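So you can see what is in the structure, the chains are spelled out below.
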Amino acid sequence: MPTDSVNSLLASSGDAAAVAAARPLRVLIIEDYEEDALLLARYLLRAGYKLDSRRVETASQLESLLDDPLGWDLVLADYTLPSFGARDALALIQARGVDLPFIIVSGTIDEVSAVNAMRAGAHDYVLKGHLERLLPAIERELADASRRKERLETEAELRAVQQRFSSTFNQAAVGMAHTSTDGRFELVNQRLAELLRVEPEKFVGMALGEFVLPSDRLAKRALLEDLIAGKRTGFRAEVNMLRTDGETFPAQLTVSLLSRDHDAQPSVLWVIEDISARKAAERETSELMTRLINSERLAAAGRMANTLAHEINNPLEALTNIVYLLQTYELPSQATEMLDVAARELERVGHITRSTLSFYRKVPGRTLDLYQVLNEVLQLFDSRAKQYKVRLEPRFGEEIRVARYDPALRQVFANVVGNALEAMETSGGTIRLRARISGGKAIVTVSDNGHGIEPRYRDAIFEPFFTTKGERGTGLGLWVTRGIVEEQGGKLELRSCTTGERHGTTIRIKLPVFSAAASPSRL
Ligand code: ADP
Ligand code: MG
C-alpha cells in the first residue's frame, strides 16, 4: 500500500469518528492485499462502526458469502484484482438480484474505467489516496439503499392491499359493480356476472339499467339523480332485476358514490343481492299467518255456533213439548192452525240446530296421539321461530302416545305456541314444550321468556276479541283454546310475569287420558 494512502487513512479517521454512530456494519471487502483490507477495516472501526467484515479474493468466495443469511450492508471493491475484479463482482451481485451498495476503492482508476464501472451499476468510487471521501460515500449509499428498500416494501404492501381488495371484490357473496354516473359498467365482480348470467367480458358497453325492470328503473331514477348530484351519500332500494334470458328476480340494491380525485369523474358503487329466498320466506310466513288466523277464526266460528246451538236446543225442546201438549187440547180451529204452523217452524229451527251440532261434532274415530299433535305443531312453527331467533325446545317422549285426542287439539297448542312466539318476536328466546303423563292425565306446559301478560289483563285475555296486538291479533286464540280444552274435559292454567329476570308466560294444559275406545269429546 502506498504511504500516502496510509497517511490519509490515519489523518481522516479522526473526523470519521464524528460521522458514524456506533452502528453495525457488515462489509464485504474485495481486495487481494490482506494489508489493504485490514487498513480499510481499521479505518471503519475507528470511524465508529461495529464492523463485521470479510475479505474476498475469488468469485466462489463471494458466492458463498452472499449466501450468508444475515446479509450484507456494503461492498468495497478494489478495481483490478489479478483473477477477479470489481466489474466481475458487480455482475455477480446483480445476477443475484441483491441490492447492495457497491463502492470501488482503488489505488488507481482512470476516468474512463470509473465511468464504465458506474454505468455498470457501481454506486461510487474512491481513490485510496482520498479515503476522506469514503465515509460520506458510505453514509450516503447506506441511506439511499435503505430508502430503496423502504420503497420496495411499501410497494409490496400496496400490492398486497390491492390484491386483498380485489379478491374481496371478486369473491364477495354479493354482486358488486362500479359504473360511471350514466350507469355504464366499469368493473363487475364474479357474483354479479353469475347473478345476471352474463360472461364477465360481455359487460363492456352495457349499462346496469338494462338489467332493471323499466318500471322499477323509472321509480328509482330520482334517488340516483340525487346521489349523483351529491344530495345524498347513498341509498337502498328493492327492485326487480332482469336476466339476459328474460328471467326476473327480486334484488336489494345498496348504492353509493365513490369519490376519487377532484378532477376524475366519480363512479357509482352498486352492491346487488338476490333476495328471492328472503322474499319467498316472507311470503311463506305471511301465508302461514293467514292460515293460522283463518283456522283460529274457523274454530272460533265453530265454537260459537256450537255454543249457540246448545243454548237454543234446550228452550227449543221445551217449546216443542209445550206446542205438542197444546195441540192435544180442544181449541178453536184458528188456534189449532196457528199451533200447527208453530210446530212446523219449531221443527225447522230444531233441524238447523241439530245439523249445526252434528257439523261441528268431531268425526268419530279420527283421533291423533299427543306426540303426533305436538310434533306437528313444532313443525308448523319451525320456520317462524328461526326467523324470530326463538329456540323451540321439545321435552317429551314417545310415552305420551297413549293419550289420543280429537285433531282439534292441534289448534289448542298452535294458539298457545303462536302466542309465545309473538311475545318474543323482538327479543328472541326459548319456548319449552313439555309433556308427560301423570295420574291419568296428560300435562302439557308451554313456557316462554317473552314479555309476559300484565296482571290487569289476566282475565280479559280469555274473552273473545280481546287482543293487545292491534290489527295483527284476532283475540280469539285463547278463547278458542280454553273452549276446546274444557270441551275435552281438561283445564288450562296460566302463570305470567312481566318484570325481572323471570319474565315470561307458562301455560299448563291438563287433559284426561282416554282409552282409545271411549269418546273423547263432549261436543
Ligand atoms: P291474539 O293472539 O290474537 O292477540 P289471543 O287470544 O291468542 O289473541 O291472546 C290474547 C292476548 O293475550 C294477546 O293479545 C296477548 O296480549 C296475551 N297473550 C297471550 N299469550 C301470551 C304470551 N305467551 N305472552 C304474552 N302475552 C300473551
Ligand atoms: Mg293468539
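Everything numeric here is computed off the predicted structure, so don't read it as measured data.

**Q** Run through the overall build of the protein chain, naming residues and quoting values.
**A** Each helix and strand in the protein chain was counted, giving 13 helices and 17 strands. In terms of C-alpha radius of gyration, the protein chain reaches 47 Å, well past the compact-globule figure of 24 Å for 523 residues. Projected onto the principal axes, the alpha-carbon positions of the protein chain cover approximately 165 × 60 × 40 Å. Taken across its 523 residues, the protein chain has 40% of its residues classed as buried. Contacts in the protein chain between residues far apart in sequence, at least 24 positions, make up 64% of those at least 6 positions apart. Between the centroid of the 66 positive side chains of the protein chain and the centroid of its 72 negative side chains there is a distance of 9 Å.

**Q** Before we move on, could you go through the sheet that holds strand 9 (residues 248-258) and cite the residues and values that matter?
**A** By way of backbone hydrogen bonds, the strands of a sheet pair with one another, either parallel or antiparallel. The antiparallel open sheet is built from 5 strands, whose spatial order is 7-6-10-9-8. Strands at the two margins of the open sheet, each flanked by one partner only, are strand 7 (185-188) and strand 8 (234-242). When strand polarity is set aside, the average angle formed by the axes of neighbouring strands in this sheet is 25°. The sheet contact formed by strand 6 (residues 175-179) and strand 10 (residues 267-274) spans 5 bridges and is antiparallel. Across the sheet, T179 pairs through a bridge with V268, a residue of strand 10. Where helix 6 (residues 134-171) meets the sheet, it contacts strand 6 and strand 7, and its direction lies at approximately 115° from that of strand 6. Across the face of the sheet, helix 8 (residues 214-228) comes into contact with strand 8, strand 9 and strand 10 while running at roughly 150° to strand 8.

**Q** Account for the environment of S113, with residues named and values stated.
**A** Relative to the helices and strands, S113 is located in helix 5 (residues 111-120). Linking S113 and Y79, residues 34 residues apart in sequence, is a C-alpha distance of 9.0 Å. At 2.6 Å, the side chain of S113 and the side chain of D110 are in polar contact.

**Q** Please set out the site of ligand 1 residue by residue, giving values where relevant.
**A** Taken together, 20 residues sit near ligand 1, with N419, T467, T468, K469 and T474 positioned nearest. At 2.4 Å, a side-chain N or O of T468 approaches an oxygen atom of ligand 1. The contact in question runs from an oxygen atom of ligand 1 to an N or O atom on the backbone of G475, over 3.0 Å. Surface burial for ligand 1 is 95%, taken as the share of its 530 Å² of free accessible area covered by protein chains.

**Q** Break down the domain arrangement of the protein chain for me, citing the residues and quoting the values.
**A** Segmentation of the protein chain into domains returns domain 1 (3-152), domain 2 (172-274), domain 3 (278-361) and domain 4 (364-518). Distance from the C-alpha centre of domain 2 to the C-alpha centre of domain 3: 62 Å.

**Q** Could you give an account of the nonpolar core, with specific residues and numbers?
**A** The nonpolar side chains of a soluble globular protein tend to be buried with one another. Counting residues in hydrophobic clusters, the biggest one holds 46 residues, and the most contacted among them are L370, L374, F413, I431 and I509. Dropping the residues within four chain positions of it, L370 is found in contact with I400, A403, Y405, L409, F413, A442 and V444. With 24 residues, the next largest nonpolar core counts F185, V188, A237 and M241 among its residues.

What counts and how
- Residues numbered from 1 in each chain as written.
- Chains lettered and ligands numbered in written order.
- Predicted model: local features only at pLDDT ≥ 70, side-chain atom pairs only at ≥ 80, totals over all residues.
- Heavy atoms only, no water.
- Helix = DSSP H or I, 4+ residues; strand = E, 2+ residues; numbered from the N terminus.
- Rg over C-alpha atoms; globule rule 2.2 N^0.38 Å.
- Buried < 20%, exposed > 50% of the residue type's maximum accessible area, 1.4 Å probe, protein only.
- Contact = heavy atoms within 4.5 Å.
- Lys, Arg positive; Asp, Glu negative; His and termini not counted.
- Charge placed at Lys NZ, Arg CZ, Asp CG, Glu CD.
- Pairing = 2+ DSSP bridges.
- Axes fitted to C-alpha atoms, helices over the stretch in contact; angles between N-to-C directions.
- Polar contact = N/O pair within 3.5 Å; in protein donor to acceptor, adjacent residues only side chain to side chain.
- Near = heavy atom within 4 Å.
- Areas by Shrake-Rupley, 256 points an atom, 1.4 Å probe, with all protein chains shown as cover.
- Domains from an automatic or database assignment.
- Core = buried A, V, L, I, M, F, W, Y, C linked by side-chain atoms within 4.5 Å.

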